[in-house]
Amino acid sequence: MEKSLHPQTINLALQGGGSHGAFTWGVLDALLEDGRVNFDGISGTSAGAMNAVAMAHGFARAATHKNSDPREAAREALQAFWEGIVNLGALTEAQKAPFEILFGNNADAVSPTATWLNSITTMWTQTLSPYEMNPFDINPLRSFLENQVDFNVLAKLKTIKVFVVATRVSTGQAEVFSGARLTADAVMASACLPMAFKAVEIEGDHYWDGGYSGNPAIHPLIYNCNARDIMLVQINPVKRAELPKTSAQIMDRINEVTFNAGLIAEMRAIDFVKRLLSEGKLDPKHYKDVLVHRIDGGDTLDAYAASTKASTNGKMIHALRDLGIASAKAWLAKRYKSLGVQSTVNIKHDYLDDLRVPVN
């Protein structure tokens, strides 16, 4: 593919969604390989946060090694992270269980492990909290994450800003971690499912999964980055045509609605500012007219039940990666020339509420 002599610089907004984050891995891999986009900032939540720090860690390590290709280093870091998840498939069912809890919502069993997780998690939520079931707060993902990402090296990265969001339990508000505050604790907080693990304590405050307040948080990219273009990699569908009827389907849809609420609120704010700018009611010197784009795994991921977010199955994860690669390549082929020029997402149609008031 012919490369642009002047690559476009974009921001990335990466949703969480358990193992479906492998779709995002594929998207990032394709963008990195293509070479026509540079990255100003990356915001991620939960699995999106893990993708963000893995990718940024590759860039950070390349910066410490002469003649190292940062894009290839980022691709290698992402691959190492997700292959590490895949390798968990070789563990026993009991060993895999904590990872499958962390990477999903445990509704609707799809494997023997998921069946067991579904029953035990239901028991937990009805009878015991993680403070009773897991008093020592054993969480094997922490050591896995720390083996994958050197946060001291990551903190020195200057070329790309990284933002990870978690939800402060006391206020329900989003807390953004970046720079020196971006630690393994921050990423673990961003992925902390409150019925499975204790809230993560950071600087005296306690945090749960960032999806409750921003999935992902877009405002850090607007206020702290120079690039106008924001590429959302969305893996949780906003709309579903079919009415959920089984208990598992209902729970899946509740989770999707809950974890999209913050995104919809931010899209509403972006649309409002864009309309005021277009009407000349705001000073463009003080308000950024952001350009919004999306690589959407929604339709692509329809074949995968939301319960598969809890799976560490290698075949599925690699299939999702391949779907992400194909989706990103298709977007680049069709939409690349819009970068820096215009939004390719119709915010009003895709995200805003229908506020029509019936006329009597």
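## Side note on a nonpolar patch on the surface
- On the surface, a nonpolar cluster with roughly 240 Å² of combined accessible area is contributed by Val169, Trp208 and Tyr212.
- Mapped onto the secondary structure, Val169 falls in the loop between β3 (161-168) and β4 (174-177).

## Things to note about the packing of helix α1 (residues 21-34) against helix α3 (residues 70-87)
- In contact at an axis separation of 9 Å, α1 and α3 are set at 165° when each is read in the N-to-C sense. On the basis of their axis angle, the class for α1 and α3 is roughly antiparallel. The element α1 and its partner α3 pack so that their crossing is left-handed. Residue-level inspection shows Gly21, Ala22, Trp25, Leu28, Asp29, Leu31, Leu32 and Glu33 of α1 in contact with α3, the latter providing Arg71, Ala74, Arg75, Leu78, Gln79, Trp82 and Glu83.
- Each residue belonging to the contact of α1 with α3 can be placed in one class, and the counts come to 8 nonpolar, 2 polar and 5 charged.

## Observations regarding the packing of aromatic side chains
- According to the stated counting rule, one finds 6 aromatic pairs in the structure shown.
- When the centroid spacing of 5.5 Å and the interplanar angle of 85° are considered together, the rings of Phe81 and Trp82 count as edge-to-face.
- Judged by relative accessible area, Trp82 falls into the buried class, the value being 0%.
- Centre to centre, the rings of Phe81 and Phe144 are 5.5 Å apart; their planes meet at 55°, and the pair counts as tilted. Remark: Phe144 occurs in helix α7 (residues 140-148) and Phe81 occurs in helix α3; sequence separation between them is 63 residues.
- An aromatic cluster is built from Trp25, Phe81, Trp82 and Phe144, whose rings are joined through pairwise contacts.
- In this structure, Arg36 is placed above the aromatic ring of Tyr336, and the distance from its NZ or CZ to the ring centre is 4.3 Å.

## Considering the side chain of His293
- As for its position among the elements, His293 is in strand β8 (residues 291-296).
- Taking the relative accessible area as the measure of exposure, His293 reaches 1% and is therefore buried.
- A polar side-chain atom of His293 sits 2.6 Å from a polar atom in the side chain of Asp229.
- For His293, the residues in contact, after removing those within four places along its chain, are Asp229, Ile230, Met231, Leu232, Trp331, Ser338, Leu339, Gln342, Ser343, Thr344 and Val345.

## Section: the pairing of β8
- With 6 bridges joining them, strand β7 (residues 229-234) and β8 adopt parallel strand pairing. Across the sheet, Met231 pairs through a bridge with His293, a residue of β8.
- Once the chain exits β7 it traverses helix α11 (residues 247-278) before rejoining the sheet at β8, and the crossover so formed is right-handed.

## Overview of the confidence of the model for the protein chain
- Summary statistics for the protein chain give a mean pLDDT of 85 and a share of 82% for residues scoring 70 or more.
- Below a pLDDT of 50 lies the segment residues 1-5, which in the model reaches 9 contacts outside its immediate sequence neighbourhood of four places, other chains included.
- With pLDDT under 50 throughout, residues 104-125 is counted as low confidence; its partners more than four residues away or in other chains account for 41 contacts.

## Considerations on the packing of α1 against helix α12 (residues 314-335)
- Between α1 and α12, whose axes approach to 6 Å, the crossing angle comes to 45°. It follows from the interaxial angle that α1 and α12 lie oblique. Helix-helix and strand crossings are classified by hand; for α1 and α12 the assignment is right-handed. Between α1, through Ala22, Phe23, Trp25, Gly26, Val27, Asp29, Ala30, Leu31, Glu33 and Asp34, and α12, the contact on the second element is made entirely by Ile317, His318, Leu320, Arg321, Leu323, Gly324, Ile325, Ser327, Ala328, Lys329 and Leu332.

## Considerations on the layout of surface pockets
- Estimated volume of the second largest pocket: approximately 650 Å³.
- In this structure, the second largest pocket is lined by 27 residues; those nearest its centre are Pro237, Lys239, Arg240, Glu256 and Asp302.
- At the level of elements, α11, β8 and α13 (347-350) are the ones that each hand at least two residues to the lining of the second largest pocket.
- Here the lining of the second largest pocket takes 5 residues from α11, the largest share from any one element.
- Its residues assigned to classes, the lining of the second largest pocket shows 10 nonpolar, 5 polar and 12 charged.

Reading guide: rules and limits
Residues numbered from 1 in each chain as written. Predicted model: local features only at pLDDT ≥ 70, side-chain atom pairs only at ≥ 80, totals over all residues. Heavy atoms only, no water. Patch = residues over 30% accessible without salt bridge, like charges linked within 9 Å, V, L, I, M, F, W, Y side chains within 5 Å. Areas by Shrake-Rupley, 256 points an atom, 1.4 Å probe, with all protein chains shown as cover. Salt bridge = Lys/Arg side-chain N within 4 Å of Asp/Glu carboxyl O. Helix = DSSP H or I, 4+ residues; strand = E, 2+ residues; numbered from the N terminus. Axes fitted to C-alpha atoms, helices over the stretch in contact; angles between N-to-C directions. Parallel < 35°, antiparallel > 145°, perpendicular 65-115°, else oblique. Left-handed = near helix turned anticlockwise from the far one by under 90°. Contact = heavy atoms within 4.5 Å. Nonpolar A, V, L, I, M, F, W, Y, C, P; charged D, E, K, R; others polar. Phe/Tyr/Trp six-rings, centres within 6.5 Å; stacked < 30°, edge-to-face > 60°. Buried < 20%, exposed > 50% of the residue type's maximum accessible area, 1.4 Å probe, protein only. Lys NZ or Arg CZ within 6 Å of the ring centre and 35° of its normal. Polar contact = N/O pair within 3.5 Å; in protein donor to acceptor, adjacent residues only side chain to side chain. Pairing = 2+ DSSP bridges. Right-handed = clockwise from strand over helix to strand, strands pointing away. pLDDT = per-residue confidence, 0-100. 1 Å grid on protein atoms, 1.4 Å probe; cavity = no way out; pocket = protein on both sides within 12 Å on 5 of 7 lines; lining within 4 Å. Points joined across faces, edges and corners; volume = space filled by probe spheres on them.

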